[in-house]
Amino acid sequence: MAAQNATHDDRTAPRRDGGDGVRDGEIRIEQTHLDRVYHRLEEKIHEAEFLMDDAAKRGQVGTPGALAERDAQVFRAGVHLNRLNSEFEDFLFGRIDLLPGKDGDRGPDGAYTSVEPADDAIRTAPDGDRAEIAETLHIGRIGVLDADYAPLVIDWRAPAAAPFYRSTPVSPGRVVRRRVIRSKGRRVLGVEDDLLRPELSATLDGGALPVVGDGALMAALGQARGHTMRDIVASIQAEQDQVIRAPAASITEVEGGPGTGKTAVALHRAAYLLYQDRRRYAGGILVVSPTPLLVAYTEGVLPSLGEEGQVAIRAVGSLVEGAEATTYDTPAVARVKGSSRMLRVLRKAARGALEMPRGAAAGSAPSSDRSSASSSNSSSDLSSAPSSDDGQLTLDAALGAPAAAPSNDGGRPGAGSGTRPGGPPERLRVVAFGARIELDADELRRIRQNVLGGTAPVNLLRPRARRLLLDALWTRSGAPGRYTDPELAAEAREGFDEDISSEDVFQEFLDAWWPELTPRSVLAAMADEKRLGRWSRRVLNPREVRQVARSLARLGPDGQGPLSVHDVALLDELNTLLGLPARPATPREVDPLDQLTGLEELTTYADRAGPRRSRADRAERERADYAHVIVDEAQDLTPMQWRMVGRRGRHATWTVVGDPAQSSWSDPDEAGRARDEALGSRPRRRFTLTVNYRNPSEIAELATRVLTLAMPGTPAPEAVRSTGVEPRFAPGVDGDLGAAARREALRLLDEVEGTVGVVVAMNRREQARQWLTGLGHRVVALGSLEAKGLEYDATVVVSPAEIADESPAGLRVLYVALTRATQRLTVVSGVRDEPDPHGVPDLLRE
Ligand SMILES: Nc1ncnc2c1ncn2[C@@H]1O[C@H](COP(=O)(O)OP(=O)(O)OP(=O)(O)O)[C@@H](O)[C@H]1O
């Protein structure tokens with residue numbers, strides 16, 4: 001593409017100059033370009049409007065063909081208009097000035113493809129090397145071509161944009177100058193340049209290449225933080241870009257300390273994958289996040305990159321449809337519920353719950369195998385009526401006569417008191433062929449054991465249970481011996497089965513004896529300590545049984561009470577063990593942009609969702625199996641959670657990001673094994689991010705003291721900037737942590753423009769909210785586990801010792817708490833922290 005046609009002064013060496021004159025001149029140049037882009041977009045909007053008008057006129061013709069064509073045109077033009085209008089804000093943000101390339105090939109976006117400079121691009125001269133800028137590319141959120149198909153803006157995800165992110169002074173490729181453009185609406189506000197070949201005297205249109213500002217990264221990092229994460233599209237760094245653009249095959253694992261951009265990179269990678277292969281990934285990317293707070297914090301990033309509705313971001317406690325975790329378990333309970341030992345307990349519970357009284361473990365789901373047949377038996381005319389006998393459910397079937405014995409529950413056998421209290425019915429009695437046939441408790445137990453012999457899901461075994469009951473009744477009736485002709489025998493048997501099983505009372509016996517179990521009801525059944533003790537014999541110790549049972553009491557007898565985050569993984573496991581009827585698969589939604597034609601001017605024609613969708617819509621589209629799964633804060637998934645997440649990506653490619661040093665799970669080895677199981681043996685590609693973009697060095701250094709205690713030998717990421725302000729230590733006078741925390745929060749609200757987070761031990765969350773009442777929306781109280789992944793301009797960490805003592809992983813949780821601030825950190829200590837005379841808690845001393 002031709003270089004800028006605006007004029008430059010005639011200096012021959014590139015120079016960094018923040019002088020207002022040069023800066024204003026450069027802003028004017030970018031403004032001219034932005035005006036051209038807007039002009040082009042307006043042309044496109046007019047074309048789209050014309051298309052819609054034209055389509056409406058065709059509609060007046062009224063033939064079926066014209067109507068269909070009109071619909072298609074209106075649809076296309078509408079999508080086109082929507083996109084153009086919504087992309088208008090702040091979409092041009094970058095520019096690179098490039099040397100001539102090694103070859104003259106152009107890519108589909110109109111830019112030259114060569115990454116390396118031509119051999120003669122740089123001329124050696126006695127007073128320094130010289131070169132001429134051969135190509136200038138502007139980078140933005142979407143690609144736009146001019147009327148001659150030359151690129152006005154390149155989509156940030158296009159191959160031609162990669163040098164904007166990848167080039168470094170060590171490996172600059174063709175890039176001489178990289179510029180970040182700040183704009184609002186149609187107005188360019190500023191530019192920040194990085195010079196990648198500072199040794200070179202480069203010229204652009206005959207004038208020296210000016211360099212303005214201190215670089216975009218520092219400008220971005222210094223900004224005040226709000227309550228939502230911003231995209232980093234204008235300042236992605238080279239090591240991050242490697243991850244974002246890594247091929248999607250198999251598994252991409254990314255490790256890096258706090259603030260290295262793992263979450264940001266993971267989200268940008270989702271947008272990149274959609275750009276690369278929209279057909280494959282549209283509607284099929286799942287991002288698993290540790291907390292709803294982090295979901296809310298990060299939810300705006302993808303829409304700002306033009307991707308909405310295609311990616312499901314879910315907290316790990318909200319992965320199961322219809323089950324939203326609203327509470328946390330204590331660390332001791334969480335440790336048991338998250339452990340893979342629970343799998344053995346749940347397997348027993350899923351089968352053991354069949355023995356529960358009806359109503360205690362059976363759900364309200366309708367029986368899947370209820371027969372609607374009501375034909376009469378050719379060999380015997382059966383009609384039946386229910387009765388009960390000594391509190392046992394029986395089915396009396398008698399020719400033409402209702403059963404004599406009255407039901408003790410108002411004539412509804414199989415329900416409530418018709419069942420032996422504390423267990424399933426123990427006898428089945430029918431009258432057929434004029435005789436009473438009975439299956440007693442032993443026989444029923446034998447049948448049940450026979451059915452349960454395999455490993456199939458319990459609910460799916462119900463038809464088999466039904467068949468074996470009928471087999472046993474048929475044998476007991478003596479009928480098999482009465483037929484010598486196998487064909488007649490088969491016919492008689494068929495009629496017998498149909499008649500018995502079409503009767504409501506048989507169904508009701510079956511419902512009581514082999515109820516359809518729901519995960520919630522089984523979980524609720526585990527709240528009985530005795531029962532849970534039976535199901536977890538030799539797996540959990542009595543203390544663990546007591547703790548888990550007590551925590552599950554929260555669910556109530558019907559299992560409908562509030563769920564904890566760790567309960568959700570248990571529910572999901574039970575879903576599998578019980579085998580609920582599969583939900584009909586949601587058909588893949590066709591992305592309207594896949595269908596577009598005739599919009600060549602927009603190089604990202606296959607990109608982005610058109611209509612904005614509500615949360616509810618998205619939930620509806622929830623699918624169980626995804627094409628790509630991104631796990632954020634992967635170090636925190638428990639073994640049971642890995643199983644749950646693994647089920648959602650059996651055929652997926654994966655991006656797994658995390659930091660072992662921030663793990664709040666007590667047994668990282670066990671979680672590691674579960675992770676390996678979920679990810680399988682597919683090849684893995686590993687990346688490590690090494691630069692901390694969040695914390696200034698003063699805060700990072702303090703946090704490293706805890707890292708050294710928590711994970712000796714683990715390298716800390718290098719902080720990229722410093723503020724010159726050391727963390728502050730404030731002892732809670734007379735042990736009054738609340739007053740100290742409030743005072744320090746107030747002080748920080750004065751010192752920073754943006755947000756202040758006050759992090760406390762989990763059991764102080766409610767208290768901390770009270771401490772901060774009336775301080776306004778810029779300040780937030782957080783439990784230590786809730787702070788995961790979040791960041792604030794300033795933080796107050798209250799009583800490091802309390803946080804560290806909360807759980808076996810407490811020191812790592814404290815490390816998380818200490819690494820949340822972008823500018824200021826205050827540590828409030830109590831007596832338990834054993835502060836020195838300067839207020840520095842024991843745990844944070846050098
Ligand atoms: N290239 C970048 N340009 C500008 N800001 C960046 C860049 N990379 C990261 N950041 C910023 O650094 C902060 C930390 O990023 P992020 O939360 O993604 O890190 P993380 O590795 O997930 O941290 P943690 O492990 O502590 O959760 C964010 O404010 C992010 O916007």
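Please read all numbers here as calculations on a predicted model, not as lab measurements.

## Overview of the overall build of the protein chain
Thinking step 1. When its secondary structure is counted, the protein chain shows 27 helices and 31 strands.
Thinking step 2. Here the protein chain holds 846 residues, and 48% of them are scored as buried.

## Some details on the sheet that holds strand β3 (residues 122-123)
Thinking step 1. Here we have four strands laid out as an open sheet, ordered β3-β4-β10-β11, and mixed in their pairing. Of all strands in the sheet, those bounded by a partner on one side alone are β3 and β11 (207-208).
Thinking step 2. In the sheet, strand β10 (residues 201-204) pairs with β11 via two bridges, with the strands oriented antiparallel. Directly across from Thr203, in β11, lies its bridge partner Ala208.

## Remarks on the site of the ligand
Thinking step 1. Around the ligand lies a shell of 24 residues, among which Ser235, Pro258, Gly261, Lys262 and Thr263 are the nearest.
Thinking step 2. Split by residue class, the shell around the ligand holds eight nonpolar, 11 polar and five charged.

## Focus on the nonpolar core
Thinking step 1. If you look at the biggest cluster of nonpolar residues, it comprises 208 residues, and the most contacted ones within it are Ala270, Ile285, Val287, Val706, Ala741, Val758 and Tyr815.
Thinking step 2. At 10 residues, the largest contribution of residues to this core is made by helix α6 (residues 262-276).

## Quick notes on the environment of Leu274
Thinking step 1. Along the chain, Leu274 falls in helix α6.
Thinking step 2. Classification of Leu274 as buried rests on a count of 29 C-beta atoms within 10 Å.
Thinking step 3. Distance in space between the C-alpha atoms of Leu274 and Ala817 is 34 Å, their sequence separation being 543 residues.
Thinking step 4. The contacts of Leu274, once residues within four sequence positions are left out, are Tyr281, Ala282, Glu307 and Gln310.

## A closer look at the UniProt feature "binding site: ATP" (unreviewed entry) in the protein chain
Thinking step 1. Residues annotated in UniProt with the feature "binding site: ATP" (unreviewed entry) correspond here to Gly256, Gly257, Pro258, Gly259, Thr260, Gly261, Lys262 and Thr263.
Thinking step 2. Structurally, Thr260 is set in the loop between β13 (251-256) and α6.
Thinking step 3. Classification of Thr260 as buried rests on a count of 26 C-beta atoms within 10 Å.
Thinking step 4. For Thr260, the residues in contact, after removing those within four places along its chain, are Leu689, Thr690, Val691, Asn692, Tyr693 and Pro717.

## Considerations on the sheet that holds strand β31 (residues 821-829)
Thinking step 1. If you walk across this open sheet you meet the five strands as β27-β31-β30-β28-β29, and the pairing is parallel. Two strands lie at the open edges of the sheet, namely β27 (728-731) and β29 (779-783), each paired on one side alone. Here the average twist between neighbouring strands, direction ignored, is 20°.
Thinking step 2. Pairing geometry for strand β28 (residues 756-760) and β29, over five bridges, is parallel. By the bridge assignment for β29, Val756 is matched with Val779.

## Considering the packing of helix α19 (residues 565-578) against helix α21 (residues 639-647)
For any two helices packed against each other, the geometry comes down to the angle between their axes and how far apart the axes lie.
Thinking step 1. One way to put it is that α19 packs onto α21 with a least axis distance of 9 Å and a crossing angle of 55°. One way to sum up the angle between α19 and α21 is to call them oblique. The handedness of the crossing between α19 and α21 is left-handed. Taken together, the residues of α21 that come into contact with α19 (itself represented by Ala569, Leu570, Asp572 and Glu573) are Met640, Gln641, Arg643, Met644 and Arg647.
Thinking step 2. Partitioned by chemical class, the residues of the contact of α19 with α21 number four nonpolar, one polar and four charged.

## Examining the domain arrangement of the protein chain
Thinking step 1. When cut into domains, the protein chain gives domain 1 (22-225), domain 2 (247-356 + 515-581 + 611-688), domain 3 (437-513) and domain 4 (697-844).
Thinking step 2. Summarising the inter-unit geometry, the C-alpha centres of domain 2 and domain 3 are found 40 Å apart.
Thinking step 3. Each partner contributes to the interface: domain 2 provides 10 residues, whereas domain 3 provides eight residues.
Thinking step 4. Where the side of domain 2 that touches domain 3 is concerned, the elements lending two or more residues are α11 (341-352) and α19.
Thinking step 5. Taken together, the residues of the side of domain 2 that touches domain 3 sort by class into seven nonpolar, one polar and two charged.

## Considerations on the pairing of β29
Thinking step 1. Of all five residues making up β29, five are buried, and the element is well covered by its neighbours.
Thinking step 2. The handedness of the β28 to β29 crossover, carried by helix α25 (residues 765-771), is right-handed.

## Brief notes about the packing of helix α10 (residues 331-338) against helix α18 (residues 542-552)
Thinking step 1. One way to put it is that α10 packs onto α18 with a least axis distance of 10 Å and a crossing angle of 100°. It follows that α10 is roughly perpendicular to α18 by the angle criterion. Two secondary-structure elements touch here, α10 through Ala332, Val333, Val336 and Lys337 and α18 through Glu544, Gln547, Val548 and Ser551.
Thinking step 2. Of the residues that constitute the contact of α10 with α18, the class distribution is four nonpolar, two polar and two charged.

## Some remarks on the pairing of β31
Every regular strand shows the same layout, with side chains that alternate between the two sheet faces.
Thinking step 1. Of all nine residues in β31, nine are buried, a share of seventy percent or more.
Thinking step 2. By the bridge criterion, four bridges tie β27 to β31 in an arrangement that is parallel. Looking at the pairing, Ala730 lines up with Val828 of β31.
Thinking step 3. Where strand β30 (residues 792-798) and β31 come together, six bridges link them in parallel fashion. Paired with Val797 across the two strands is Val827, which belongs to β31.

## With respect to unusual backbone geometry
Thinking step 1. Non-glycine residue Arg538 carries a positive phi angle of around 65°.
Thinking step 2. By secondary structure assignment, the location of Arg538 is in the loop between α17 (529-535) and α18.
Thinking step 3. Positive phi, normally seen in glycine, also occurs at Glu834, with a value near 45°.
Thinking step 4. Considering the arrangement of structural elements, one finds Glu834 in the segment after β31.
Thinking step 5. According to the C-beta neighbour criterion, Glu834 is partly exposed, with 13 such atoms within 10 Å.

## Concerning helix α13 (residues 462-476)
Every α-helix winds through 3.6 residues per turn, so residues three or four apart in the chain are directed the same way.
Thinking step 1. Between its terminal C-alpha atoms α13 stretches 21 Å, which fits the 21 Å expected from 15 residues at 1.5 Å a residue.
Thinking step 2. Along α13, the residues classified as buried are Arg462, Ala465, Arg466, Leu469 and Leu473. Taken down its axis, α13 places every buried residue within 100° of arc, on the same side.
Thinking step 3. Taken from the residues just after α13, Gly478 is the one with a positive phi, measuring 80°.

## Considerations on the confidence of the model for the protein chain
Thinking step 1. Mean pLDDT over the protein chain works out to 80, with 79% of the residues at or above the 70 mark.
Thinking step 2. A low-confidence stretch, residues 1-16 stays under pLDDT 50, and its non-local contacts, those more than four residues away or across chains, total 43 contacts.
Thinking step 3. Scored as a whole, the predicted complex attains pTM 0.77, and scored at its interfaces, ipTM 0.99.

Reading the values: rules and limits
- Residues numbered from 1 in each chain as written.
- Predicted model: local features only at pLDDT ≥ 70, side-chain atom pairs only at ≥ 80, totals over all residues.
- Helix = DSSP H or I, 4+ residues; strand = E, 2+ residues; numbered from the N terminus.
- Buried ≥ 20, exposed ≤ 12 C-beta atoms within 10 Å, placed from the backbone.
- Pairing = 2+ DSSP bridges.
- Near = placed C-beta within 6 Å.
- Nonpolar A, V, L, I, M, F, W, Y, C, P; charged D, E, K, R; others polar.
- Core = buried A, V, L, I, M, F, W, Y, C linked by C-beta atoms within 7 Å.
- Contact = placed C-beta atoms within 7 Å.
- UniProt positions renumbered as here; feature names shortened; annotations may be inferred.
- Axes fitted to C-alpha atoms, helices over the stretch in contact; angles between N-to-C directions.
- Parallel < 35°, antiparallel > 145°, perpendicular 65-115°, else oblique.
- Left-handed = near helix turned anticlockwise from the far one by under 90°.
- Domains from an automatic or database assignment.
- Right-handed = clockwise from strand over helix to strand, strands pointing away.
- Expected span 1.5 Å × (residues − 1).
- Arc of directions from axis to C-beta.
- pLDDT = per-residue confidence, 0-100.

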